[in-house]
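Chain by chain, the residues:
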Amino acid sequence: MEHFDLVVIGSGPAGRRAAIQAAKLGKSVMVIERRQRVGGVSVHTGTIPSKTLRETVLNLSGWRERGFYGLSYRVKKDIEGKDLGARLNKTLDYEVEVLEHQFARNGVETMSGNARFRDDHHIVVTDLNGETQTISFDFAVIAVGTTPYRPGNIPFDDHTIVDSDSLVAEPRVPRSLTVVGAGVIGIEYATIFSALDVPVTLIEPRDTYLDFIDREIIEEFSHDLRKRGMTIRLGAKVDRVEKDAQGWAIAILTDGRQIRSDMLLYAAGRMGATMDLGLEACGVVPDERGRLKVDPATFQTEVRNIYAAGDVIGFPSLASTSMEQGRIAALHAFGASMPPAPEFFPYGIYAVPEISTVGLTEQQVRAQNIPYECGVARFRETSRGHIMGLQSGMMKMIVSLETRKLLGVHIVGEGATELIHIGQAVLNLGATLDYFVENTFNYPTLAEAYKIAALDAWNRMPRTKPIAPIVEEPEIQVTRRKARAGQAGA
Ligand SMILES: Cc1cc2nc3c(=O)[nH]c(=O)nc-3n(C[C@H](O)[C@H](O)[C@H](O)COP(=O)(O)OP(=O)(O)OC[C@H]3O[C@@H](n4cnc5c(N)ncnc54)[C@H](O)[C@@H]3O)c2cc1C
Ligand SMILES: NC(=O)c1ccc[n+]([C@@H]2O[C@H](COP(=O)([O-])OP(=O)(O)OC[C@H]3O[C@@H](n4cnc5c(N)ncnc54)[C@H](O)[C@@H]3O)[C@@H](O)[C@H]2O)c1
């Protein structure tokens, strides 16, 4: 029987980082993955496919150029499923190749098959042919992720009635689309297909959606979606879904209304993929949604040599945070020092338009009774925005009135998921709004929105910090400065 210092179940972001971190510490590592290829949900059905589809749609539809050339502008006239699929396959192949190479050069071994615990130090792996092999371990990281929630009253056929896995398995461009569930997945796909001019109806049982995002940003976002013809039905519950004689999907709401479409995407949450793990044999107990409880500092489960990381432990369920969790789990298992977790992490929603956020929302700041001021910048106020033909997009900055420290940054619009990292750095370094006011930004850039938003807040804030006094410069300094400007050719 083969023995490993660490066995990792699942090769998604959490498993991959746990494995490579342990290998860097000189440990023997085995990664077990039940899919044919490594990469996890992130590479095969989740993050990378959805972001690749988005990029393909924006490129082929000419979306980013429509501000200049009009709504009817297209780069490719008839966009079909095969156009979406071609780029998807290339990107995924490349991702897998890079990951396999990373494992190989770090000496991480991989095994294809379904992992099941025999006890808290042994795992049985069953491959596609049904053959089994038992391996033993000192430590294990459960990084099995999640699978889409598929309730019995939804007749999935993976062509007309799909979940987020089957949507990307064989992508097609439907004539119309109903999306059930306005979570991150539902919102991303609804807006991606809407950018292709597919009529989209979004159904959400609650009266609000994406509640963790600042409400002003959601108002701006919803306005954008409605303006381009998307139907958003909040407070609408789906009773059941059927297919009619012509093969259309019919969503029947509890109030009797019916919505007919060429495709229905059911995106009402996900379940921890722990069902086949044989957890009862090792003493780890999942909750009713298949998720595991861990110590948030170490990622240990109640069985101390077994860790869990990634989506299987629940919120925030991001590839970005999963990677860090996996790495911290491996560091802790082998007694290596762990970095303290930064206070704030960014959230990026790759809808069309993008939303990204870091820190506190205005609603959270109010709930905590923190005196605050907001600053807002509209992308159309920036020269870069004019050059790009942007007609929407905004940044909202929240600042403490007492300390002048940045409390949160919220962005909707082009480039939001990249821009947010400037705010993240300032926030996690505990800096104040003065950073944006006093520093020079490249021009023309969208990042200039930070300066505009900061000045907007600054103009309305009490002047606790004196404006730098104007000092008469001695003659010699002026001369030296002029000389330098001359050398630079100014
Ligand atoms: C449509 C969609 C879009 C997303 N977009 C983003 C995004 O833009 N940004 C972002 O940060 N996050 C995004 N996410 C979330 C992101 O994909 C997840 O947070 C991330 O994949 C979680 O990683 P993980 O390591 O927990 O495992 P996963 O990536 O879920 O992988 C787990 C792996 O474990 C394997 N496995 C399960 N059970 C067993 C077993 N018994 N034996 C062996 N192997 C097993 C599975 O086959 C799978 O390959 C998205 C998710 C979805 C579904
Ligand atoms: N850009 C990103 O970072 C990104 C993108 C996609 C997914 N993800 C991650 O994947 C996870 C799963 O996303 P998700 O959107 O599937 O789940 P979710 O739990 O975030 O959202 C599900 C939505 O469906 C609604 N819903 C619940 N039950 C319903 C029902 N019976 N009928 C209709 N609607 C119902 C919920 O109210 C909610 O709005 C998220 O936690 C997210 O972190 C991240």
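Residues numbered from 1 in each chain as written. Chains lettered and ligands numbered in written order. Predicted model: local features only at pLDDT ≥ 70, side-chain atom pairs only at ≥ 80, totals over all residues. Heavy atoms only, no water.

J.: Got a minute to help me understand the packing of aromatic side chains in this structure?
T.: Any two aromatic rings considered together are summarised by their centre-to-centre distance and by the angle between their planes. The final tally for this structure, using the stated rule, is nine aromatic pairs. Judged by centre distance (5.1 Å) and plane angle (10 degrees), the rings of Phe 436 and Tyr 450 are stacked. Separated by 14 residues along the polypeptide, Phe 436 in helix H13 (residues 434–438) and Tyr 450 in helix H14 (residues 448–459) bring together distant segments of the chain. When sorted by exposure, Phe 436 lands in the same class as Tyr 450, which is buried. By the ring-pair criterion, three or more aromatic residues cluster together here, those being Phe 68, Tyr 69 and Tyr 73. Over the aromatic face of Trp 248 sits the side chain of Arg 260, whose NZ or CZ is 4.4 Å from the ring centroid. (Phe/Tyr/Trp six-rings, centres within 6.5 Å; stacked < 30°, edge-to-face > 60°. Helix = DSSP H or I, 4+ residues; strand = E, 2+ residues; numbered from the N terminus. Buried < 20%, exposed > 50% of the residue type's maximum accessible area, 1.4 Å probe, protein only. Lys NZ or Arg CZ within 6 Å of the ring centre and 35° of its normal.)

J.: Sorry if this is basic, but what is going on with the sheet that holds strand E8 (residues 161–162) here?
T.: Pairing between the strands of a sheet is mediated by backbone hydrogen bonds and can be parallel or antiparallel. Spatial strand order, E8-E15-E9-E10-E11: five strands in an open sheet with parallel pairing. Pairing within the sheet leaves two strands with one partner each, and these edge strands are E8 and strand E11 (231–234). Across four bridges, the pairing between strand E9 (residues 177–180) and strand E10 (residues 200–204) is parallel. Paired with Val 180 across the two strands is Ile 203, which belongs to E10. Lying over the sheet, helix H7 (residues 184–194) contacts E9, E10 and strand E15 (263–266), oriented at roughly 165 degrees with respect to E10. (Pairing = 2+ DSSP bridges. Contact = heavy atoms within 4.5 Å. Axes fitted to C-alpha atoms, helices over the stretch in contact; angles between N-to-C directions.)

J.: Looking at this model, I keep getting lost on the UniProt feature "binding site: FAD" (unreviewed entry) in the protein chain. Mind explaining?
T.: Per the UniProt annotation, the sites labelled "binding site: FAD" (unreviewed entry) are Lys 51 and Asp 311. Ignoring any residue separated from it by four or fewer positions in sequence, one finds Lys 51 in contact with Glu 188 and Tyr 350. Relative to the helices and strands, Asp 311 resides in the loop between strand E17 (306–308) and helix H9 (319–333). The contacts of Asp 311, once residues within four sequence positions are left out, are Gly 145, Thr 146, Arg 291, Ser 317, Leu 318 and Ser 322. (UniProt positions renumbered as here; feature names shortened; annotations may be inferred.)

J.: Just to check I follow, could you spell out the sheet that holds strand E13 (residues 249–253) for this structure?
T.: The strand order E12-E13-E14 describes an open sheet built from three strands, whose pairing is antiparallel. Edge positions in the open sheet fall to strand E12 (238–243) and strand E14 (258–261), since each of these has one partner strand only. Strand after strand, the sheet turns through a mean of 20 degrees between neighbouring axes, direction not considered. Pairing of E12 with E13 involves five bridges; the strand directions are antiparallel. Counterpart to Val 238 in the pairing with E13 is Leu 253.

J.: I'm lost on unusual backbone geometry in this one. Help?
T.: Peptide bonds are trans in most cases, and residues, glycine excluded, mostly fall at negative phi. That bond from Phe 315 to Pro 316 is cis: its omega, 5 degrees, falls within 30 degrees of zero. Cis geometry is adopted by the peptide bond preceding Pro 353, which originates at Val 352 and carries an omega value of 5 degrees. In this fold, Pro 353 is placed in the loop between strand E18 (347–349) and strand E19 (355–359). In this structure, Asp 197 is a non-glycine residue whose phi angle is positive, near 65 degrees. One can find Asp 197 in the loop between H7 and E10.

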